[in-house]
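Structural overview for review
Next come the chains, spelled out residue by residue.
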Amino acid sequence: MPLVGVTTAPPLVSELAIGFGDPQAQICVYVAKRPPMQEYAALNHIQPLSTGEIAAINQACGNGWRKVFNVYAKLLFTLDKRQFTFQQTADSWQQFREQQLLQTGSNTALLFSLPQFAVNRHAIHIIAGRTHAKALLDAGLAAQLHWLNHEFAFDRQQRLLVCPYFDYRQLNNEKIQRLATLISELPHVKT
């Protein structure tokens with residue numbers, strides 16, 4: 001499967017990163033908790049998901065995780081087509097979610113660890129939730145957040161955004177569009 005997402009070759013994600021997805025991801029989303037499933041309890045690296053694994057997580061963990069995956073896929077399909085190629089690899093966000101999201105070569109990661117800016121300086125880092133962002137700052141995240149309002153913040157130098165949690169009520173279609181616009185306004189790093 002060809003690399004999807006951004007048109008530049010991404011660096012490796014830090015060995016300290018923990019979560020699901022492509023170890024070469026350039027779109028990294030950070031959430032506070034991993035799915036409460038035995039097979040992920042001791043996860044200590046980035047693990048690419050396989051086809052059908054998102055559906056299994058949804059079935060085992062409920063509607064909240066379904067929303068996270070759906071919002072993530074919808075965001076990717078809202079991004080500017082001139083900068084990102086996600087829309088060229090699937091006919092719909094639903095198809096992308098089921099066949100590519102968080103898999104090897106997807107250029108996406110869902111992480112439960114602290115962002116590693118120095119290692120992954122080409123990535124776009126998105127922290128899902130203001131409360132989670134504050135917890136990461138308290139845990140030592142080196143970022144200078146500039147709050148646009150009570151929901152969105154950015155650190156352009158680190159290519160970091162904070163947005164509402166990936167849930168339809170918190171990050172509705174209008175806010176997904178706002179997040180996509182903020183992503184397109186981040187400085188692009190040439191490789």
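Here, the structure is the one placed above.
First, a word on what this report is: a plain description of the structure on this page. (Residues numbered from 1 in each chain as written. Predicted model: local features only at pLDDT ≥ 70, side-chain atom pairs only at ≥ 80, totals over all residues. Heavy atoms only, no water.)

**As for the overall build of the chain**
What counts here: Where helices and strands are cited, they refer to DSSP runs of H or I of at least four residues and of E of at least two residues respectively, numbered from the N terminus. Here's how the labels work: a residue is buried when its accessible area is under 20% of the maximum for its type, exposed when over 50%, partly exposed in between, all with a 1.4 Å probe on protein chains only. Only heavy atoms enter the contact rule, under which two residues are in contact if any of them lie within 4.5 Å.
The helix and strand tally for the chain stands at five helices and eight strands. Counting from the amino terminus, the chain carries its helices and strands in the arrangement β-β-β-α-α-α-β-β-α-β-β-β-α. The 191 residues of the chain split such that 52% are buried. Long-range contacts, defined here as pairs at least 24 residues apart, represent 68% of the contacts in the chain between residues at least 6 apart.

**As for the packing of aromatic side chains**
Using the following cut-off: Here a pair means two rings of Phe, Tyr or Trp (six-membered ring of Trp) with centres within 6.5 Å. Their orientation is stacked below 30 degrees between planes, edge-to-face above 60, and tilted elsewhere.
Summed over the entire model, instances satisfying the criterion amount to seven aromatic pairs. Centre to centre, the rings of Phe84 and Phe86 are 6.5 Å apart; their planes meet at 15°, and the pair counts as stacked. The same class applies to Phe84 and to Phe86, which are both buried. Three or more aromatic residues joined by ring pairs form one cluster here, namely Phe77, Phe84, Phe86 and Phe96.

**Focus on unusual backbone geometry**
Even without being a glycine, Asn107 presents a positive backbone phi close to 65°. Mapped onto the elements, Asn107 comes out in the loop between α3 (93–99) and β4 (108–111). The backbone of Arg159 shows a phi angle near 60°, a positive value even though the residue is not glycine. Looking at where Arg159 falls in the secondary structure, it is placed in the loop between β7 (153–155) and β8 (160–163). Judged by relative accessible area, Arg159 falls into the buried class, the value being 6%.

**Section: the packing of helix α1 (residues 53–61) against helix α2 (residues 63–78)**
To keep it simple, the criterion reads: Axis geometry follows a simple rule: fit a line to the C-alpha atoms, using only the stretch in contact for helices, then measure angles between N-to-C directions, giving values from 0 to 180 degrees. Following the grouping adopted for this structure description, the nonpolar residues are Ala, Val, Leu, Ile, Met, Phe, Trp, Tyr, Cys and Pro, the charged ones are Asp, Glu, Lys and Arg, and the polar ones are all others, Gly among them.
Orientation of α1 relative to α2, taken along the N-to-C sense of each, is 150°, at an axis distance of 6 Å. Each of Ile54, Ile57, Asn58 and Cys61 in α1 lies in contact with α2, whose residues at this interface are Asn63, Trp65, Arg66 and Phe69. Residues that form the contact of α1 with α2 fall into these classes: five nonpolar, two polar and one charged.

**Details of the packing of α2 against helix α5 (residues 173–184)**
The packing of two helices is summarised by the inter-axis angle and the distance between the axes. This is how the line gets drawn: For classification, angles of less than 35 degrees are called roughly parallel, those exceeding 145 degrees roughly antiparallel, those between 65 and 115 degrees roughly perpendicular, and all remaining angles oblique. Handedness of a crossing is defined here by the sense of rotation of the near helix relative to the far one, left-handed for an anticlockwise turn of less than a right angle and right-handed for a clockwise turn.
Running from amino to carboxyl end, α2 crosses α5 at an angle of 55°, the nearest separation of the two axes being 9 Å. Considering their axes alone, α2 and α5 lie oblique with respect to each other. The way α2 lies across α5 gives a crossing that is right-handed. Every residue of α5 that contacts α2 at Val71, Lys74, Leu75 and Thr78 is listed here: Asn173, Ile176, Gln177, Leu179, Ala180 and Ile183. Tallied by class, the residues present in the contact of α2 with α5 amount to six nonpolar, three polar and one charged.

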